[in-house]
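A structural walkthrough
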Amino acid sequence: SQTIHQWPATLVQPVGSPLSLECTVEGTSNPNLYWYRQAAGRGLQLLFYSVGIGQISSEVPQNLSASRPQDRQFILSSKKLLLSDSGFYLCAWSVVGRGRRTQYFGPGTRLLVL
Amino acid sequence: RKEVEQDPGPFNVPEGATVAFNCTYSNSASQSFFWYRQDCRKEPKLLMSVYSSGNEDGRFTAQLNRASQYISLLIRDSKLSDSATYLCVVNIDTGNQFYFGTGTSLTVIP
């Protein structure tokens, strides 16, 4: 069965510090991978998605970046965090099966920038 | 116009009640539809896919109306544990992106 891991679960960082969040997927090959952010009480905002190693599509201009160094690894980074970067960061994967693409989420990382 | 729109609620219903949520989508090329459940401070979890002929999973029934471009979720005999936010999600032609509604909040009251 497929599983998705994210770490850390929670993170408190000062403004201006760097960020690195990691996501790994097990039990599937060549998945699409996604990073979403959910601000408190708000909907999901797609930040990046990747259809393969080294392929990143950015949906929202910001001070974040993403990389996919391996098929099942997706990393979200920032060189200097802003207060507005606080939120719940969710990694997700999707594959096509039975004629439809279905998406599954990791447990998320709750980031507080102070 | 948003790709997917939902009534945010909140819906507050007594235990045992039947409650229905609707969701509209704007892109007629949309092909795959889903309902996710998100508990407070947790990740969204797939509740059920929505098929053209409608489908049922225990107390949950999902329906699709392509002509009017909406999907619905019916919960019968509500339980306290059904309290959560329900997200409507659309995928267009197995494409890479998913479009999420902002969610409908449900609280089931004892």
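Note that the structure is a prediction, hence the values are computed from the model and not measured. (Residues numbered from 1 in each chain as written. Chains lettered and ligands numbered in written order. Predicted model: local features only at pLDDT ≥ 70, side-chain atom pairs only at ≥ 80, totals over all residues. Heavy atoms only, no water.)

1. With respect to the interface of chain B and chain A
A common way to state how big an interface is: give the accessible area lost once the parts meet. Stated precisely, the cut-off is as follows: Throughout, a contact is declared for two residues whenever any of their heavy atoms are within 4.5 Å. A simple way to read buried area is as the amount of 1.4 Å-probe accessible surface that goes missing from two parts once joined, with both sides added. Polar contact criterion, stated in full: a pair of N or O atoms within 3.5 Å, where within protein one must be able to donate a hydrogen and the other to accept it, and residues adjacent in sequence count only if both atoms are side-chain atoms. Elements are defined by DSSP. Helices are runs of H or I of four residues or more, strands are runs of E of two residues or more, and each kind is numbered from the N terminus.
Counting residues at the interface gives 22 residues for chain B and 23 residues for chain A. Across the chain B to chain A interface the summed buried area is about 1800 Å²; carbon plus sulfur atoms make up 54%. Taken together, chain B and chain A are joined by eight residue pairs in polar contact (both at pLDDT 80 or more). Looking at the side of chain B that touches chain A, the elements with two or more residues in it are β4 (32-38), β5 (44-50), β9 (84-91) and β10 (98-100) of chain B.

2. A closer look at the packing of aromatic side chains
Rule in force here: For Phe, Tyr and Trp, where Trp contributes only its six-membered ring, two rings pair if their centres lie within 6.5 Å, and the inter-plane angle classes them as stacked under 30 degrees, edge-to-face over 60, or tilted in between. In this scheme, Lys NZ or Arg CZ marks a charge over a ring once it lies within 6 Å of the ring centre and within 35 degrees of the ring normal.
In this structure the tally under the stated criterion is 15 aromatic pairs over all chains. Three or more aromatic residues joined by ring pairs form one cluster here, namely Tyr-34, Tyr-36, Tyr-49 and Phe-105 of chain A together with Phe-34, Tyr-36, Phe-98 and Phe-100 of chain B. Its end group placed over the ring of Phe-34 of chain B, Arg-100 of chain A keeps NZ or CZ at 5.3 Å from the ring centre. Geometry around Phe-88 of chain A places Arg-110 of chain A over its ring, the cationic atom sitting 4.0 Å from the centre.

3. A closer look at the environment of Ile-75 of chain B
Residues and elements named next belong to chain B. This is how it is decided: With a 1.4 Å probe rolled over the protein chains alone, any residue whose accessible area is under 20% of its type maximum counts as buried; one over 50% counts as exposed, and the rest are partly exposed.
Within the secondary structure, Ile-75 is located in strand β8 (residues 70-75). Overall, the relative accessible area of 0% leaves Ile-75 in the buried class. Ignoring anything within four residues of it in the chain, the contact list for Ile-75 reads Ala-17, Thr-18, Val-19, Phe-21, Arg-59, Phe-60, Asp-82, Tyr-86 and Leu-106.

4. Structural notes on the nonpolar core
This is how it is decided: Nonpolar cores are built from buried Ala, Val, Leu, Ile, Met, Phe, Trp, Tyr and Cys residues. Side-chain atoms within 4.5 Å join them into one set.
Ranked by size, the top nonpolar core spans 23 residues in total, and within it Phe-21, Trp-35, Ile-71, Leu-73, Ile-75, Tyr-86 and Leu-106 of chain B carry the most contacts. The set of elements that each furnish at least two residues to this core consists of β3 (19-25), β4, β5, β7 (60-65), β8, β9 and β11 (104-109) of chain B. In terms of nonpolar packing, the next biggest core, distinct from the first, is built from 19 residues, Val-25, Leu-47, Ala-66 and Val-113 of chain A among them.

5. Overview of the pairing of β8 of chain B
Residue and element names in this part refer to chain B. This is how it is decided: For two strands to be treated as a pair, DSSP must find no fewer than two bridges joining them.
The pairing of β3 with β8 spans six bridges and is classified as antiparallel. Along β8, the bridge assignment pairs Phe-21 with Leu-73. Note that β7 and β8 share six bridges and pair antiparallel. By the bridge assignment for β8, Thr-61 is matched with Leu-74. Connecting β7 to the next strand, β8, in antiparallel fashion are four residues, including Gln-69 with a positive phi near 60 degrees.

6. Re the state of the cysteines
All names here are of chain B. How we decide: The term disulfide is used for any two cysteine sulfur atoms that are within 2.5 Å.
This structure, assessed with the given rule, holds two disulfides over all chains. Between the sulfur of Cys-23 and that of Cys-88 lies a disulfide, 1.9 Å long from S to S. Taking the sign of the S-S torsion, about -70 degrees here, the bridge from Cys-23 to Cys-88 comes out left-handed. Taken together, the residues span a long stretch of sequence, with Cys-23 in strand β3 and Cys-88 in strand β9 at a distance of 65 residues. Among the residues examined, Cys-23 registers a relative accessible area of 0% and is labelled buried.

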